[in-house]
Amino acid sequence: MRLRYFAWLRQRVGVAAEEIDPPPDVRDVAGLIAHLRARSPRHAEAFGELAVVKVAVNQTHVGFDHPVAPGDEVAFFPPVTGG
Amino acid sequence: MVVRVQETDFDPGAEIAAATAGREDVGAVASFVGLVRGEGGGRRIRAMTLEHYPGMTEQELERIEAEARGRWPLQAVTIVHRYGRMVPGDRIVLVVTASAHRQAAFDACAFLMDWLKTKAPFWKLEETDDGAAEWVAAKAADDAAADRWAVTR
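In this text, all values refer to a predicted model and were calculated from it rather than measured experimentally.

Conventions used here
Residues numbered from 1 in each chain as written. Chains lettered and ligands numbered in written order. Predicted model: local features only at pLDDT ≥ 70, side-chain atom pairs only at ≥ 80, totals over all residues. Heavy atoms only, no water. Phe/Tyr/Trp six-rings, centres within 6.5 Å; stacked < 30°, edge-to-face > 60°. Helix = DSSP H or I, 4+ residues; strand = E, 2+ residues; numbered from the N terminus. Buried < 20%, exposed > 50% of the residue type's maximum accessible area, 1.4 Å probe, protein only. Lys NZ or Arg CZ within 6 Å of the ring centre and 35° of its normal. Salt bridge = Lys/Arg side-chain N within 4 Å of Asp/Glu carboxyl O. Core = buried A, V, L, I, M, F, W, Y, C linked by side-chain atoms within 4.5 Å. Contact = heavy atoms within 4.5 Å. 1 Å grid on protein atoms, 1.4 Å probe; cavity = no way out; pocket = protein on both sides within 12 Å on 5 of 7 lines; lining within 4 Å. Points joined across faces, edges and corners; volume = space filled by probe spheres on them. Nonpolar A, V, L, I, M, F, W, Y, C, P; charged D, E, K, R; others polar. Buried area = accessible area lost by both parts, 1.4 Å probe.

Section: the packing of aromatic side chains
Here's step 1: Inspection of the entire model under this criterion finds 10 aromatic pairs over all chains.
Here's step 2: With a centroid separation of 4.5 Å and 35° between ring planes, the pair formed by Phe 6 of chain A and Tyr 53 of chain B is classed as tilted. Of this pair, Phe 6 of chain A sits in the loop between β1 (2-5) and α1 (7-13) while Tyr 53 of chain B sits in the loop between β4 (43-52) and α2 (56-71), which puts the two residues in different chains.
Here's step 3: The buried category is assigned to Phe 6 of chain A, whose relative accessible area is 5%.
Here's step 4: For Tyr 53 of chain B, a relative accessible area of 0% puts it in the buried group.
Here's step 5: Geometrically, the ring pair formed by Phe 6 of chain A and Trp 123 of chain B is stacked, given 5.1 Å between the ring centres and 15° between the ring planes. One end of the pair, Phe 6 of chain A, is in the loop between β1 and α1; the other, Trp 123 of chain B, is in strand β8 (residues 122-128), on a second chain.
Here's step 6: For Trp 123 of chain B, a relative accessible area of 1% gives the class buried.
Here's step 7: By way of ring pairs, the aromatic residues Phe 6 and Phe 77 of chain A together with Tyr 53 and Trp 123 of chain B are connected into one cluster.
Here's step 8: Between Arg 91 of chain B and the ring centre of Phe 10 of chain B, over which it is positioned, the NZ or CZ distance is 5.9 Å.

What follows is the structure in structure tokens.
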């Protein structure tokens, strides 16, 4: 599974992307976030305030209840501020 | 339909001319150009860097464009959005809509900007005069502006 981070989430995690192989009990975005929080203190800090964390699976906006599977590209980022 | 995400500047006049070139069914063209402001939250802004999600950005803009075409009779739509470092006065974004009549062009142009601001994966990092850099927070007003286009019928 390929993870991507943008804006301050990228800065807090410390990398723009990483490949992970989550355990089989990680079935949705919420489960993936719980798994990532335990990965490092930087991840725990980045995912500390979930009200300002948005997610896209395979480059489409989704909610935290969306399923994730091996091979997915999962991106985490703050609410968008373009335009 | 033209959707482009680029680092370089664009020429609004040339984009408008290209959107309607050779057509006789367009009676109205509306356009919006967003610029970098030199002030934000009472502070002087020295520069702004726009980060984006290559790949998803283009897809999301195309989805928004398709939504607009489904709602209004549009002959042409152009969306150009820049990324990278810009200074106050620089152009950031262009939306051009062309239709037979003005109301569809005006409404589709406003809709595209409102949806773009809440859905297209761009993030602004502002540099202030004292050298600090801060990510711009999303505004509730932008969510409200996008929500007014919710389909209720």
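Some thoughts on the pattern of salt bridges
Residues and elements named next belong to chain B.
Here's step 1: The full count for this structure, using the stated rule, is 15 salt bridges over all chains.
Here's step 2: In this structure, the salt-bridge partner of Arg 69 is Glu 65, at a minimum N-O distance of 2.6 Å. Of this pair, Arg 69 and Glu 65 both sit in helix α2, four residues apart, which is roughly one turn of that helix.
Here's step 3: We classify Glu 65 as buried; its relative accessible area is 2%.
Here's step 4: When salt bridges that share partners are traced, they join Asp 9, Arg 82 and Arg 91 into one network.

A closer look at the nonpolar core
Here's step 1: The biggest cluster of nonpolar side chains holds 32 residues, and the ones touching the most others in it are Leu 32, Phe 47, Val 74 and Phe 76 of chain A.
Here's step 2: Elements that contribute at least two residues to this core include exactly β1, α1, α2 (29-37), β3 (54-57) and β5 (73-77) of chain A together with β8 of chain B.
Here's step 3: Beyond its immediate sequence surroundings of up to four residues, Phe 47 of chain A is in contact with Tyr 5, Leu 9, Ile 33, Leu 36, Arg 37, Val 53 and Phe 76 of chain A.
Here's step 4: If you look at the next biggest cluster of nonpolar residues, it comprises 31 residues, including Ala 30, Trp 72, Met 86 and Val 95 of chain B.

Some remarks on the layout of surface pockets
Here's step 1: In this structure, the largest pocket occupies an estimated 550 Å³ of space.
Here's step 2: In this structure, the largest pocket is lined by 30 residues; those nearest its centre are Arg 37, Lys 117, Lys 124, Val 136 and Lys 139 of chain B.
Here's step 3: Of all the secondary structure elements, the ones that give two or more residues to the lining of the largest pocket are β2 (28-35), β3 (39-40), β4, α3 (102-119), β8 and β9 (133-135) of chain B.
Here's step 4: Looking at the lining of the largest pocket, the element that brings in the most residues is α3 of chain B, giving five residues.
Here's step 5: The class makeup of the residues in the lining of the largest pocket is 14 nonpolar, six polar and 10 charged.
Here's step 6: Lining the second largest pocket are 20 residues, and of these Lys 54 and Val 80 of chain A together with Thr 118, Lys 119 and Asp 143 of chain B sit closest to its centre.

Some words on the interface of chain A and chain B
Here's step 1: Taken together, the contact pairs 19 residues of chain A with 27 residues of chain B.
Here's step 2: For the pair chain A and chain B, the summed buried surface comes to about 1,800 Å²; carbon and sulfur atoms form 55% of the total.
Here's step 3: When the buried area of chain A at its contact with chain B is split by residue, Gln 59, Thr 81 and Gly 83 of chain A rank highest and sum to 37% of it.
Here's step 4: Counting across the interface, chain A meets chain B through one salt bridge.
Here's step 5: Arg 10 of chain A is paired through a salt bridge with Glu 51 of chain B; the nearest N and O atoms lie 2.5 Å apart.

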